[in-house]
Amino acid sequence: MERTAGGSLGSQYSLDALIDGDTLVITTLDRLGRSTQNMLAFADELRSRGAGLRVLNLGGGDVDTATPMGSMLFTIMAALAQMEHEIKRERVTDSIAKRREAGMDLGGRPRRVTDSQIRSAVRLVEGGETAAQVARDLGMSRATFYRRSRALPNQQAAI
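Criteria and thresholds
Residues numbered from 1 in each chain as written. Predicted model: local features only at pLDDT ≥ 70, side-chain atom pairs only at ≥ 80, totals over all residues. Heavy atoms only, no water. Core = buried A, V, L, I, M, F, W, Y, C linked by side-chain atoms within 4.5 Å. Buried < 20%, exposed > 50% of the residue type's maximum accessible area, 1.4 Å probe, protein only. Helix = DSSP H or I, 4+ residues; strand = E, 2+ residues; numbered from the N terminus. Contact = heavy atoms within 4.5 Å. Arc of directions from axis to C-beta. Pairing = 2+ DSSP bridges. Right-handed = clockwise from strand over helix to strand, strands pointing away. Phe/Tyr/Trp six-rings, centres within 6.5 Å; stacked < 30°, edge-to-face > 60°.

Okay, the nonpolar core next. Counting 17 residues, the largest nonpolar core has Leu 29, Leu 32, Leu 46, Leu 53 and Phe 74 as the members making the most contacts within it. Those elements that place two or more of their residues in this core are strand 2 (23-26), helix 2 (36-48), strand 3 (52-55) and helix 3 (68-101). Sort the elements by how many residues they give to this core and helix 2 lands first, with 4 residues. Contact partners of Leu 46, with chain neighbours within four places excluded, come to Leu 15, Leu 18, Leu 24, Ala 51, Gly 52 and Leu 53.

Here you go:
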């Protein structure tokens, strides 16, 4: 019987659901674990339970880790998957560092309240309105209002 598993396969649930003769089906080998050592330990656990493994992006064939050839193939593919994961992480880290260095936006959630609105709100507070009320009108907490107003360029510490 084939059982498919979604999400992280490192969970105990995936292993607990398998019985002798089952085949665990995964889309890609990197879904099995983050490191070669982790994947090999998972394969050993599958073998001890009498379960097989099918990796769809390897042609959909069974990877029989009980045979020397299947075990070697699995080890090589696990090492390649780990290398690919590390290369991706390195690229992301480099990209973030370059964007920060260049002063570029890193993305994230767009701000609902603009700097111009914060400046206007600061003027209201300087005119006598309470910061709590002004922040509520903007739809933010008082602490967020103070943090945003302090972060404004050319803003006096009037608040």
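Glancing now at helix 6 (residues 142-151). At 3.6 residues per turn, the α-helix brings residues three or four places apart onto the same side. Regarding helix 6, the residues found buried are Phe 145, Arg 148 and Ser 149. Taken end-on, helix 6 shows its buried residues confined to a sector of 100°, consistent with a single buried face. Relative to its buried face, helix 6 has exposed residues pointing more than 90 degrees away, namely Ala 143, Arg 150 and Ala 151. As for helix 6, its buried residues are in contact with helix 4 (115-126) and helix 5 (131-138).

Moving on to the pairing of strand 3. Residues Leu 53 and Val 55 line the buried face of strand 3, whereas the alternating positions Gly 52 and Arg 54 sit on a face that is not buried. Taken together, the 4 bridges between strand 2 and strand 3 define a ladder with parallel strand orientation. Pairing of Ile 26 across the sheet is with Val 55, part of strand 3. Each parallel crossover has a hand, and the one from strand 2 via helix 2 to strand 3 is right-handed.

Scanning the entire structure with this criterion turns up 1 aromatic pair. Both rings, one in Phe 145 and one in Tyr 146, keep their centres 6.0 Å apart while their planes meet at 45°; by these two values the pair is tilted. Since its relative accessible area comes to 0%, Phe 145 is described here as buried. Relative accessible area serves as the criterion here: at 26%, Tyr 146 is assigned to the partly exposed category.

On to helix 5. Taken together, the buried positions of helix 5 are occupied by Ala 131, Val 134, Ala 135 and Leu 138. What you see down the axis of helix 5 is that its buried residues fit within an arc of 100°, all on one side. Facing away from the buried side of helix 5 by more than 90 degrees, the exposed set consists of Arg 136 and Asp 137. For helix 5, the secondary structure elements touched by its buried residues are helix 4 and helix 6. In the stretch just after helix 5, Gly 139 is the one whose phi turns positive, near 85°.

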